Amino acid sequence: MSTWCILLAAGSGTRLQAATAGRPKQFLELDGRPLYWRSALTLRTLPELAGLVFVAPAAHLPAMEEEIRRLWVQDALNLPWRIVAGGARRQDSVRHGLHALPDTCARVLIHDSARPFASAALVRRLLEAMDRGAAAVIPAIAVTDTVKEVEQHTVLRTLDRSRLRAVQTPQAFALPLLRQAHARAEAEGWEATDDASLVEALGEAVVIVPGEETNMKITTPQDLELLRQQTSPLLS
Ligand code: C5P
């Protein structure tokens, strides 16, 4: 059963444009490598992984392809890979990635390159849950903030924090199930900010495994500033 990963790097990073001088955030460098590459280096340590599909912003695809070719040789990544252009929304980018998977692929990890610190141990937990029979597995962490549902400037209700989880990527799926979820989303006009939501909308079970506090998402200028403080000589 072959496992591939779709590595999403096709976001415009608009919330970060000011902080990154107009470059999409995934092209920022860490350890002398672009941010998205860190996930590729982690994923390649997993023997189960059969290949990677990079999803690039259409305008940056040729440059990113060239960069990946160079890094592939430099870091001796011995894995098949493909690259496709993303779409307007994250879920469009995932769909484009799904089209690029080979026929031999049976399960797929979907990972946001905006989370460069996901560990191999986390991916292993996802795959082990799949080995035990789950068809959709996601990492989740407890919510430490009190979360309120609001409308305009007024609180509607306070949610029961003990029942809430913040979820992360990578998310792991049996490929036929995820394909079905995306096809249905297209047909019905469903929109979602992660892939598990589309599987949930089908009425299928989504299993959670422990996520990681360190698996943070680099979204805002503040996140970037934090990263800079932690790794200042490394980030260009
Ligand atoms: O937009 P957001 O910050 O939620 O993006 C999460 C991940 O999805 C990022 O890694 C981003 O590059 C990717 N993305 C994408 N195509 C889009 C929008 C986001 O690949 N159209």
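For every chain, the first residue of its written sequence is number 1, and the numbers climb from 1 along that sequence. Since the coordinates come from a predicted model, pLDDT governs what is reported: local features require at least 70, and pairs of side-chain atoms require 80 or more to be given and counted, while whole-chain, interface and lining totals use all residues. Based on all heavy atoms of the structure, the side-chain values leave hydrogens and waters out of the count.

Caption draft 1: Region of interest: the site of the ligand. Ala-10, Gly-11, Gly-87, Ser-93 and Lys-217 are the nearest of the 15 residues found near the ligand. Interatomic distance of 3.3 Å between a backbone N/O atom of Arg-89 and a nitrogen atom of the ligand. Lys-217 has a polar side-chain atom sitting 3.0 Å from an oxygen atom of the ligand. Contact with the protein chains removes 87% of the 450 Å² of surface that the ligand exposes when unbound. It suffices for a single heavy atom of a residue to lie within 4 Å of a molecule or strand for the residue to be listed as near it. Between N or O atoms, a polar contact is any pair within 3.5 Å; within protein, one atom must be a potential hydrogen donor and the other a potential acceptor, and residues adjacent in sequence are included only when both atoms are from side chains. Calculation of accessible area relied on Shrake-Rupley with a 1.4 Å probe; when residues are assessed, cover is drawn exclusively from the protein chains displayed.

Caption draft 2: Molecular detail of empty space enclosed by the protein. Residues are said to line a cavity or pocket when one of their atoms sits within 4 Å of a point; the points come from a 1 Å grid over protein atoms alone, cavities being sets where a 1.4 Å probe fits but cannot get out and pockets being open sets with protein on both sides within 12 Å along at least five of seven lines. Grid points are joined across faces, edges and corners, and a volume is the space filled by probe spheres set on the points. Counting across every chain of the model gives 1 cavity of 30 Å³ or more. Approximately 40 Å³ is the volume found for the largest cavity. Lining the largest cavity we find Ser-39, Thr-42, Leu-43, His-111, Ala-118, Ser-119, Val-123 and Pro-170. Numbering of helices and strands runs from the N terminus, with a helix taken as a DSSP run of H or I at least four residues long and a strand as a DSSP run of E at least two residues long. Ranked by residues supplied to the lining of the largest cavity, first place goes to helix H1 (residues 35–43) with 3 residues. Classifying every residue of the lining of the largest cavity by side-chain character gives 4 nonpolar, 4 polar and no charged. Polar here means any residue other than Ala, Val, Leu, Ile, Met, Phe, Trp, Tyr, Cys and Pro, which are nonpolar, and Asp, Glu, Lys and Arg, which are charged; Gly is therefore polar.

Caption draft 3: Structural detail: the pattern of salt bridges. What counts as a salt bridge is simple: a side-chain nitrogen of Lys or Arg found within 4 Å of a carboxyl oxygen of Asp or Glu. Within this structure, the stated rule accounts for 14 salt bridges. The shortest N-O distance in the salt bridge between Asp-92 and Arg-95 comes to 3.0 Å. Of the two residues, Asp-92 and Arg-95 are both situated in helix H3 (residues 90–99); the distance of 3 residues between them amounts to about one turn of the helix. Of the residues examined, Asp-92 reaches a relative accessible area of 9% and is grouped as buried. Classification of residues uses two cut-offs on accessible area relative to the type maximum, computed with a 1.4 Å probe and protein chains only: under 20% is buried, over 50% is exposed, and between them is partly exposed.

Caption draft 4: Structural detail: the pairing of strand S8 (residues 148–151). By the bridge criterion, 4 bridges tie S8 to strand S9 (residues 154–158) in an arrangement that is antiparallel. From the neighbouring strand, Val-150 faces S9, where its bridge partner is Val-155. In this structure, the hairpin formed by S8 and S9 is closed by a connection of 2 residues, where Gln-152 is found at a positive phi of approximately 50°. When DSSP finds two or more bridges between a pair of strands, those strands are recorded as paired.

Caption draft 5: Structural view of the environment of Trp-37. Structurally, Trp-37 is set in helix H1. Separated by 113 residues in sequence, Trp-37 and Val-150 have C-alpha atoms that sit 38 Å apart. The residues touching Trp-37, leaving out its near neighbours within four places in the chain, are Phe-54, Ile-68, Leu-71, Trp-72, Asp-75 and Leu-77. For this analysis, residues touch if any pair of their heavy atoms sits within 4.5 Å.

As far as function goes, none of this settles anything; it's purely spatial.
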